[in-house]
Each structure stands twice: as C-alpha cells, then as structure tokens.
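Given next are the chains, with one letter for each unit.
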Number of protein chains: 2
Amino acid sequence: MINKLMNEIKKKNAPVVVGLDPNLSMIPDHIMNKAIKEYGETLEAAAEAVFNFNKGIIDTTYDLIPAVKPQIAMYEQFGVPGVAAYKRTVDYAKSKGLVIIADVKRGDIGSTSAAYALGHLGTIKIGSKEYNPFDGDFATVNPYLGSDGVKPFIDICKERNKGIFVLVKTSNPSSGEFQDRIIDGKPLYEHVGEKVREWGDEFMGDEYSYVGAVVGATYPEMGEKLRKIMPRTLILVPGYGAQGGKGSDLKPFFNEDKLGAIVNSSRGIIAAYKSEKYQQFGSENYNDASRKAVEDMLLDIRTGVGL
Amino acid sequence: MINKLMNEIKKKNAPVVVGLDPNLSMIPDHIMNKAIKEYGETLEAAAEAVFNFNKGIIDTTYDLIPAVKPQIAMYEQFGVPGVAAYKRTVDYAKSKGLVIIADVKRGDIGSTSAAYALGHLGTIKIGSKEYNPFDGDFATVNPYLGSDGVKPFIDICKERNKGIFVLVKTSNPSSGEFQDRIIDGKPLYEHVGEKVREWGDEFMGDEYSYVGAVVGATYPEMGEKLRKIMPRTLILVPGYGAQGGKGSDLKPFFNEDKLGAIVNSSRGIIAAYKSEKYQQFGSENYNDASRKAVEDMLLDIRTGVGL
C-alpha cells in the first residue's frame, strides 16, 4: 500500500491528503435539511448528512489527490450511526481509487492494539467467512505505550500490505509539553523518531517504509531534524492551513528526491466555502469551493517545496 | 459521577472493575452458535454473541461491583456492528446501576479531542433534539499530545459531571520505553502524574478528583510514588490477574483512607471458565465462573490491601 500511495503522489504530483473531518457547523443547509426530512432530528440524520457532505467533496477532488484522511472522532461524535457513516465514507473513497488514511490515533497494550489493528486494517474470520471491518489502508498510532503497543499494528500490516503513521511530533500548541522534554540530550520526539525508523527499517516498501510518522507543519525546524533521523519514513504532515502551516514551511519535511511527505488539510478544504476567499461558490456549491481550495493548496505546496 | 463511583466502591467494599473485553475465542459455543443461527456467519452475529456474552456476565456480577470497563478495541474489531454491541453493553450495564468506564484511550489535538469527548461522555444537539452518543461515565485518555489534547475532555466532563482517567504508567512490558525516560531527574510518567494532579485539582469531587490516572498493577513501586504525587486522584489499576498483578502488590496504590484505587481485571474474570481453576463450571455456566472469579478477586484484594 505504501508503494501505491507513493505512486499516486508522483502520478498526480500531489503530496496532499484531504482530511474528511466534518462538523455539523460545516454542513450546508440543503444537505442537512434533506437528511432531517428523511430521518428526523436524529443521529441517523446527522450521519446521513455527513456522508453526503463527504461524498460531494470526494466527487470533486478525487482526481487531484492520492488519499483522504477521515478523522474518526468526527464520526464517533454521532454515535453508532456516525461510525457507520465513517465506514460508508471509507468505502466510497475506495471506490474512487483513493488511499484511506484512517486517522484513529489508537494505541494500547499488545492484545488490545492487536484488536484495533484488526478492526481498522485487518481481516476477521467469523466461522468460515472473512471480513475487513473498517478497511483502512493506513492508520495513525499513538506511541505512548511503547513497542509492544505498536508492533501488533505492524504485524497485521505485514499480513495485508497496510501501513501506519506513528505520532512523533503533533501539530497542536501544547504538543511540546511532553514531546519536547529533553531525555539524554535530545527531545522525546527524537527518541520516538528513532524508534519509528527502527520499526520502519524492518518493513520497507520500494522507496519508503510502511511505518510512517506524523510531524506537524507548525514545527518546520523539528521537521527538518526528524527528516534526517527518519530518511526513508513517509511523514504525514498535519497543521497546514487552518492550523497555521504554509507551503513555504514544508520544504524541510521533504527529501532531496522531492518525496517523503504528505501534507494534510482538513477544514481549509472541506469548509472552504465558509471562508472569505471561496465564499463566492456559495453553500450549494461547497464542493466546487473544496476543489478550488485543493488546487490552490497544490500550487502553494508545489511552489513552496519546488515540485 | 466520581462521587457516585466512590460511594459504590465503599458500599460494596469493592475497589474493583470488570473489564468487558471479549474476544471470539472466549465466547462459549452455545452463545456463538445461537447468534450464527440467527444472523449467519456475519459481523452482526459476532456482535450479537458479544453482547449476549457480556449480558450474562453483567447479570451475575453487577451486585458485587461498582463499575464495568468495556475496552472499545474489542468491539471495533467487529466493525460497525461491533460498535453497536459496545453501545448495547453500555446501556445494559447502566440499566443495572453500574458506572461505565469507557476504555477508549482517545487523545488528539484540541478540536478533535472535543469531538471524542462529546461522543463518549457528552451530548450532541441535532436540530432541537439532544443525544448522548456513547454515554460513558468516564473515559480513558492518552496524554501524549499535552494539555490541549486533554482539556477538551475536562470541559465536557464539567458540563455533565463525567470524569476521565489519564494514562500515566501503563501495565504493558514495554511501557517504560518512553514513560520511564528521565527528564530533569525524574521519569516522564512522574511529569505526567504531576499534570494529572494539576488538572485534577481544578475539578474535585467530594473526596477524589474527576480527573483520574491509569497506573499498571505490574509496577507497584511506581504506583507508590505516583500515589504520593497525586494524593486525591483515583487510580485505575489495570494489569491484575492475567497480566501478572496480585492483591498483595496493590497496597501502594491505595491511600490511608483505604480508598484511591480501582483495580481492573478483564480476561481473569470474563474468561474465568476457560482456566483450570474454574473449569468445573463449564462453558454453559461461564458467567457463574465469572461471579466466583470476582468473589475470589475481591477476597484477594481486601486481604492484600487490608480493607
């Protein structure tokens, strides 16, 4: 799957992923009202609206981008129907040829991580039949529990050619509270980065490893350091756009081969129509605004990185 | 909710929580076969079997224990139907008066943590109607992202008198890989423990804080230190039983008031009938074996701690 993702990034010249992180406040009235008409003021209506909102964005952007990254929190907030909308979103995006980065940030003790890995990336057997429960291609993983919380994900990835992105340095303002603390002369995130390289060296694709890393666009100088620590690691870079990262900040995350990073934008793309810059599209054409926002993001990144 | 939990612990003299972490291998044939007869070899059948398995255990143990802790990974492994079985389990356990500790180990950047908090502990408004999506009473939270990943949980807890348990020192063998690293003369888990106390001081129940901590039974000497760092923090202690923790190891986790800790056992209780010690019950009476295992655990802990 890492090879497919790298090939799609090259083919589309688009080291970009669209974060499908819908909140109710982003969903245009015509979509929400239709869902409420059908399902009433229920969680099912919210879930239906979320799926249709996503579908519209996938339809207008899939030819430009290699992957989407649904953030499962935004679906869990609508309970079981929301989680069903997450799965419908994964299935629909796959039907358009997109790679799915399941932003689930799971991580637990070994046997529990194995169950998460199985649910999000793996296959489960019920009697004689096999199922892929949530059927992601990559999942984000939290490293706080150490190797035995991460390795069950890698084991299942090996079975099915799936991948993970391990949180190394996150994009949020207080990420430094623990991640930047100095241990033996270097910050915790560098120690985690070294582990990611170690795990990744054992599970390489053609050019990049199946074990990727998350490093926030909001910390480019740390990205530069981590790029060197993890030379064959694909870095998933959140924090572009709404969180403050710009195209010109992104160069340090890339290797000299102009590869090695994939930049996420969520609100900046999916809620583009609500910003001044794209408001002329109107809420009915929210997804055309998203397409334009992807095009502008691609231009900004290609220029900033020199692609 | 922390006051309810503390009162139930005292009333039942039971600082114990049963982890509802079912794997297919634990489910007796009569339950699985019935579900497959009804739903075929499907994820729905697995989910139905999981719920019925849990229901049997809740029915035979609810009068002995204050709380249950469903581990959501074990439900996510069955996809959307599995997550629905998680919610049915929460609802059924609540109907029996049990406090729900949602073992979800979520944690993300601020806006995403807010969505998780809302989904697992909060209320969401769809039009004029309000829903409690997963309706837990407490949730476990991963601290790797720092304060702004944890505080959205606390904000929602304050609205609804819910609580959290923050991972401080986990029970797994490689938890020390990052958590034990020395920063300014003390291990990372102590720094996290200090943050937990700080967050908790601002949100106190009558005796203990709404902000609890997770510290593994497998590390009693660290539990002793953390007990002192976080004197008014309820410590959720996993790792008893199947993971190796014993009643006599647990004393350091308790305060002089004989309170301050709640000990989890999962496999040791729910799969008791599969162990030599309880095999005489047979798989048909798996839940009577679970009741006996809870009684034995209570005796072991009351003796070990001196309750």
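Residues numbered from 1 in each chain as written. Chains lettered and ligands numbered in written order. Predicted model: local features only at pLDDT ≥ 70, side-chain atom pairs only at ≥ 80, totals over all residues. Heavy atoms only, no water.

- The name given to chain A in an unreviewed UniProt entry is Orotidine 5'-phosphate decarboxylase, with the source organism recorded as Eubacterium ruminantium.
- Listed in UniProt under the heading Catalytic activity (unreviewed entry), the comment for chain A reads: "orotidine 5'-phosphate + H(+) = UMP + CO2".
- Quoted straight from UniProt, the Sequence similarities (unreviewed entry) entry for chain A says "Belongs to the OMP decarboxylase family. Type 2 subfamily." (UniProt positions renumbered as here; feature names shortened; annotations may be inferred.)

1. A closer look at the pattern of salt bridges
Okay, so step 1: If you walk through the whole model with that rule in mind, you get 48 salt bridges over all chains.
Okay, so step 2: Here Arg 181 of chain B makes a salt bridge to Asp 184 of chain A, at a shortest N to O gap of 2.9 Å. Placement of the pair is Arg 181 of chain B in the loop between helix H8 (176–179) and strand E8 (182–183) and Asp 184 of chain A in the loop between strand E8 (182–183) and strand E9 (186–187), with the two residues belonging to separate chains.
Okay, so step 3: Note that Glu 295 of chain A is salt-bridged to Arg 291 of chain A, the shortest N-O span being 3.4 Å. Placement of the pair is Glu 295 of chain A and Arg 291 of chain A together in helix H12 (residues 286–305), with a separation of four residues, close to one helical turn.
Okay, so step 4: What makes Glu 295 of chain A partly exposed here is its relative accessible area of 33%.
Okay, so step 5: Since its relative accessible area comes to 25%, Arg 291 of chain A is described here as partly exposed.
Okay, so step 6: Bridged by salt links that share partners, the residues Lys 69, Asp 103 and Lys 105 of chain A together with Asp 108 of chain B form one connected network. (Salt bridge = Lys/Arg side-chain N within 4 Å of Asp/Glu carboxyl O. Helix = DSSP H or I, 4+ residues; strand = E, 2+ residues; numbered from the N terminus. Buried < 20%, exposed > 50% of the residue type's maximum accessible area, 1.4 Å probe, protein only.)

2. Observations regarding the packing of helix H3 (residues 43–61) of chain B against helix H12 (residues 286–305) of chain B
Residue and element names in this part refer to chain B.
Okay, so step 1: Contact pair H3 / H12: the axes reach a minimum separation of 8 Å and the direction vectors enclose 45 degrees. Comparing their axes, H12 and H3 come out oblique. Handedness of the H3/H12 crossing: right-handed. Note on element contacts: H12 touches H3 through Tyr 286, Asn 287, Asp 288, Ser 290, Arg 291 and Val 294, opposite Asn 52, Phe 53, Gly 56, Ile 57, Thr 60 and Thr 61.
Okay, so step 2: For the contact of H3 with H12, the per-class residue count stands at four nonpolar, six polar and two charged. (Axes fitted to C-alpha atoms, helices over the stretch in contact; angles between N-to-C directions. Parallel < 35°, antiparallel > 145°, perpendicular 65-115°, else oblique. Left-handed = near helix turned anticlockwise from the far one by under 90°. Contact = heavy atoms within 4.5 Å. Nonpolar A, V, L, I, M, F, W, Y, C, P; charged D, E, K, R; others polar.)

3. Here's the deal with the relation of the copies chain B and chain A
Okay, so step 1: With an RMSD of 0.0 Å, chain B superimposes on chain A once it is rotated by 180 degrees and translated 0.0 Å along the axis. Overall, the copies show the geometry of a two-fold rotation axis. For chain B, the minimum C-alpha distance to the rotation axis belongs to Ile 183 of chain B and amounts to 2.7 Å.
Okay, so step 2: Mapped onto chain A, 100% of the interface residues of chain B are again interface residues, and the two copies thus contact each other with one and the same surface. (Least-squares fit on C-alpha atoms with pLDDT ≥ 70 in both.)

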